[in-house]
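What the coordinates show
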Amino acid sequence: QVQLVESGGGLVQAGGSLRLSCATSGLTFSTYSMAWFRQAPGKEREFVATISWNSGRTYVADSVKGRFTISRDIAKNTVYLQMNSLKPDDTAVYYCALGFGLSSARSDYKYWGQGTQVTVSS
């Protein structure tokens, strides 16, 4: 069965960096995309970044462009989110997701991890 497991969240001061990891297992698909979403208290879950596993093409939300980078390690079946220059507004639960198109829409992602908390202090 498909499993997505996030790790790497924690508490960091504004201006600091974190790298989130999403380890995958049980994948049987030939073509798919991985994405990161986040959800802050009282807000909707929002798109952060996505990457095509097959081609490496990426799309990043304007709110984090220039600060966050999505990447994948094919050998480790793992996707990463490198977060630099963190701001308090980045505080959220970050979720890893798998879908079948390079999309920013939650509905296009069929499998989700459990989430990892990122807290940025001022």
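Structural data are supplied above this passage.
Conventions adopted
- Residues numbered from 1 in each chain as written.
- Predicted model: local features only at pLDDT ≥ 70, side-chain atom pairs only at ≥ 80, totals over all residues.
- Heavy atoms only, no water.
- Helix = DSSP H or I, 4+ residues; strand = E, 2+ residues; numbered from the N terminus.
- Rg over C-alpha atoms; globule rule 2.2 N^0.38 Å.
- Buried < 20%, exposed > 50% of the residue type's maximum accessible area, 1.4 Å probe, protein only.
- Contact = heavy atoms within 4.5 Å.
- Areas by Shrake-Rupley, 256 points an atom, 1.4 Å probe, with all protein chains shown as cover.
- Lys, Arg positive; Asp, Glu negative; His and termini not counted.
- Charge placed at Lys NZ, Arg CZ, Asp CG, Glu CD.
- Core = buried A, V, L, I, M, F, W, Y, C linked by side-chain atoms within 4.5 Å.
- Pairing = 2+ DSSP bridges.
- Axes fitted to C-alpha atoms, helices over the stretch in contact; angles between N-to-C directions.
- Salt bridge = Lys/Arg side-chain N within 4 Å of Asp/Glu carboxyl O.

Assigned secondary structure in the chain consists of zero helices and eleven strands. N-terminal to C-terminal, the α/β element order of the chain is β-β-β-β-β-β-β-β-β-β-β. Taken against the 2.2 N^0.38 rule, which gives 14 Å for 122 residues, the C-alpha radius of gyration of the chain at 13 Å falls within 12% of a compact globule. Looking at the chain residue by residue over its 122 residues, the buried ones come to 43%. Within the chain, residue pairs in contact and separated by at least 24 positions form 56% of the contacts whose partners lie at least 6 positions apart. As displayed, the chain offers around 6,300 Å² of accessible surface, 45% of which is attributable to carbon and sulfur atoms. Placing the 12 positive and 8 negative side-chain charges of the chain at their respective mean positions leaves the two points 4 Å apart.

It is worth spelling out the nonpolar core at this point. Soluble, globular proteins show a tendency: their nonpolar side chains are buried together. In this structure, Met34, Trp36, Val79, Leu81, Met83 and Tyr94 are the most contacted members of the largest nonpolar core, which totals 33 residues. At the level of secondary structure, the elements contributing two or more residues to this core comprise β3 (18–25), β4 (33–39), β5 (46–52), β7 (68–73), β8 (78–83), β9 (92–99) and β11 (116–121). With five residues, β9 is the largest single contributor of residues to this core.

Pairing is antiparallel across the open sheet formed by four strands, whose spatial order is β1-β3-β8-β7. Since the sheet does not close on itself, it has two edges, and those belong to β1 (3–7) and β7, each with one partner. Taking the axes of each pair of neighbouring strands and ignoring which way they run, one obtains an average angle of 15° across the sheet. Bridge count between β1 and β3: five bridges; the pairing is antiparallel. Bridge assignment links Gln3 to a residue of β3, and that residue is Ser25.

Our next topic: the environment of Val79. Residue placement: Val79 occurs in strand β8. Judged by relative accessible area, Val79 falls into the buried class, the value being 0%.

On to the pattern of salt bridges. On inspection of all chains with the given rule, the structure shows four salt bridges. Its salt-bridge partner being Arg38, residue Asp90 comes within 2.9 Å of it at the nearest N-O pair. Pair noted here: Asp90 is in the loop between β8 and β9 and Arg38 is in strand β4, with a separation of 52 residues, a long-range link. Residue classification places Asp90 among the buried residues on the basis of a relative accessible area of 2%. Salt-bridge contacts for Arg67 lead to Asp90; the nearest nitrogen and oxygen are separated by 2.8 Å.

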